[in-house]
Each structure stands twice: as C-alpha cells, then as structure tokens.
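Chain by chain, the residues run as shown.
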Amino acid sequence: MLLTDSLLLDYKRCPRRAFLNLYGNPRERDSERDFLLKLRQESQNHIESVLADSYSNYCTPETPLKDWQGRVQETEYLMQQGVACIYQGMLLGSASLSGETGNVPAVVQLLGTPHLLIRQPGISRFGDWLYVPGSIQLGRRSKPEYKVVAAYYAELLAATQGTLPPTAYLFLRSSRSEEHTSELQSPCNLVCRLLLEK
C-alpha cells in the first residue's frame with residue numbers, strides 16, 4: 001500500500017473522499033467547480049509569493065512528479081549537496097503495521113511532496129546540516145490537517161536524513177510562518193494518532 005501526503009490530507013478532511021479517491025470510479029467523479037479552481041489559483045499565487053519573498057534561491061528537482069522513484073533519488077542527491085532550499089522535493093519512507101493481516105506485518109510505503117525542504121544547522125547523515133519541512137497553505141490559521149501533514153513530512157525527513165527535524169514550518173496566508181514541533185516518534189504512530197483523532 002502507498003500512503004501519500006494528499007491521501008492523508010483527504011482522510012483528515014473527509015475519510016469518504018480518501019476512500020473514493022482510492023477505490024471510486026473516476027468517471028463518476030463530479031467535475032471541479034469554478035470555486036475550487038479559483039482556490040487552486042489563489043494557492044499557487046500564495047506559494048509563488050512565499051518563494052519570491054523568502055526563498056528565491058530555491059532549487060526544484062527536474063525529474064517529473066510522476067516518476068516518483070527518480071524524484072526521490074534526485075531530492076536525496078540535492079540534500080546531500082546541501083542545497084539551501086528545495087521546492088517540491090519528494091520523500092519516501094516505509095512503516096510496518098503488525099496485526100493488520102494476521103501474523104504477517106503489512107508494509108506501507110509512505111510518500112510525500114513537501115512544498116519546501118529548508119536547510120538548517122544541525123547534524124544529519126549528510127553532514128553539519130539538516131532539513132526541516134515547510135508547508136505552504138492558503139488558510140489564515142493552522143488547522144489540524146496542516147499540522148498532521150507537516151508532522152508526516154518531518155517523519156519522512158527523519159527516515160531520509162537520519163535525524164528528526166526539531167520543527168516543521170507552516171506558511172499561512174496571513175504572511176507569517178508558524179513553527180510546529182514534531183511530537184511523533186514514527187510514521188506508524190502518526191497514522192495511529194490520526195485514526196484516533198477522528
């Protein structure tokens with residue numbers, strides 16, 4: 001099974017939507033409304049504004065998003081090089097969930113595409129720096145689903161760099177960033193905690 005950040009966000013907002021996105025017939029899906037298209041455009045404008053104002057020296061992996069394995073490798077390469085800021089990098093991890101399939105543990109692949117991976121001083125397997133995730137959201141306040149996804153990115157970063165980031169950033173429309181400490185110890189705990197919050 002592949003658990004992505006968008007599936008996690010959909011589940012936190014509406015479990016039915018996450019189920020239909022996985023198992024529903026795509027032809028039965030309603031067409032997107034104009035309001036949703038407007039929100040997407042506003043979100044993209046906000047992302048571009050944050051990038052221009054705070055991280056104009058960002059680097060984006062060239063591998064297409066559909067080739068997620070190649071994009072994960074390229075992101076890790078950029079992290080090894082110590083790039084100051086990576087936009088739309090891709091992270092991969094895995095988790096074992098015991099008890100789901102009897103005595104055989106189920107392995108879940110975890111995939112995420114954080115808006116930003118920001119280099120900061122610290123110790124990681126790459127050297128004297130580590131990365132923290134930055135999530136750019138259109139909301140004016142930090143919502144629980146934003147925090148869950150930011151913590152998910154932090155857990156994926158821990159698997160990639162060997163060190164759990166001390167914080168995760170949310171860049172909200174109110175033109176301020178909020179810092180959130182990752183309190184979770186593993187992706188399994190993240191999924192379990194998410195299910196318990198519902």
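A few points on the structure. (Residues numbered from 1 in each chain as written. Predicted model: local features only at pLDDT ≥ 70, side-chain atom pairs only at ≥ 80, totals over all residues. Heavy atoms only, no water.)

### Overview of the overall build of the chain
- Summing up its helical and strand segments, the chain has six helices and eight strands in all.
- Element order for the chain, N to C, with α for helix and β for strand: β-α-α-α-α-β-β-β-β-β-α-β-β-α.
- Relative to its full complement of 198 residues, the chain shows a buried share of 42%.
- Counting only contacts in the chain whose residues sit at least 6 apart along the sequence, the fraction spanning at least 24 positions is 60%.
- Summed over its atoms, the accessible surface of the chain is roughly 11400 Å², and 50% of this surface lies on carbon and sulfur atoms. (Helix = DSSP H or I, 4+ residues; strand = E, 2+ residues; numbered from the N terminus. Buried < 20%, exposed > 50% of the residue type's maximum accessible area, 1.4 Å probe, protein only. Contact = heavy atoms within 4.5 Å. Areas by Shrake-Rupley, 256 points an atom, 1.4 Å probe, with all protein chains shown as cover.)

### Some details on the environment of Pro-133
- In this structure, Pro-133 sits in strand S6 (residues 127-136).
- Spatially, the C-alpha atom of Pro-133 lies 5.2 Å from that of Ala-168, the residues being 35 residues apart in sequence.

### Some words on the packing of helix H1 (residues 5-13) against helix H5 (residues 144-161)
- Here H1 crosses H5 at 150°, and the two axes come no closer than 9 Å. By the angle class used here, H1 and H5 are roughly antiparallel. Our pair here, H1 against H5, has a crossing hand that is right-handed. Contacts from Asp-5, Leu-8, Leu-9, Lys-12 and Arg-13 of H1 reach H5 at Pro-144, Glu-145, Tyr-146, Val-148, Val-149, Tyr-152 and Tyr-153. (Axes fitted to C-alpha atoms, helices over the stretch in contact; angles between N-to-C directions. Parallel < 35°, antiparallel > 145°, perpendicular 65-115°, else oblique. Left-handed = near helix turned anticlockwise from the far one by under 90°.)

### Observations concerning the side chain of Glu-145
- Summarising the element assignment, Glu-145 is placed in helix H5.
- For Glu-145, a relative accessible area of 15% puts it in the buried group.
- The contacts of Glu-145, once residues within four sequence positions are left out, are Leu-9, Lys-12 and Arg-13.

### With respect to the packing of aromatic side chains
- Following the criterion strictly, the structure yields five aromatic pairs and no others.
- Ring centres of Phe-19 and Tyr-23 lie 5.1 Å apart, and the angle between their planes is 45°; this geometry places the pair in the tilted category. A residue pair is termed a helical-turn pair when its members lie 3 or 4 positions apart in one helix, as Phe-19 and Tyr-23 do in helix H2 (residues 15-23) at four residues.
- Of the residues examined, Phe-19 reaches a relative accessible area of 49% and is grouped as partly exposed.
- With a relative accessible area of 60%, Tyr-23 lands in the exposed category.
- Judged by centre distance (6.3 Å) and plane angle (40°), the rings of Tyr-169 and Phe-171 are tilted. Of the two residues, Tyr-169 and Phe-171, both sit in the buried class.
- Within the aromatic cluster, the residues linked to one another by ring pairs are Tyr-55, Tyr-169 and Phe-171. (Phe/Tyr/Trp six-rings, centres within 6.5 Å; stacked < 30°, edge-to-face > 60°.)

### Let's talk about a nonpolar patch on the surface
- Side chains of Met-1, Phe-19, Leu-20, Leu-22 and Tyr-23 sit close together on the surface and give an oily, nonpolar patch of about 580 Å² of accessible area.
- Along the chain, Leu-22 falls in helix H2.
- On the basis of relative accessibility, which here comes to 45%, the residue Leu-22 falls in the partly exposed class. (Patch = residues over 30% accessible without salt bridge, like charges linked within 9 Å, V, L, I, M, F, W, Y side chains within 5 Å. Salt bridge = Lys/Arg side-chain N within 4 Å of Asp/Glu carboxyl O.)

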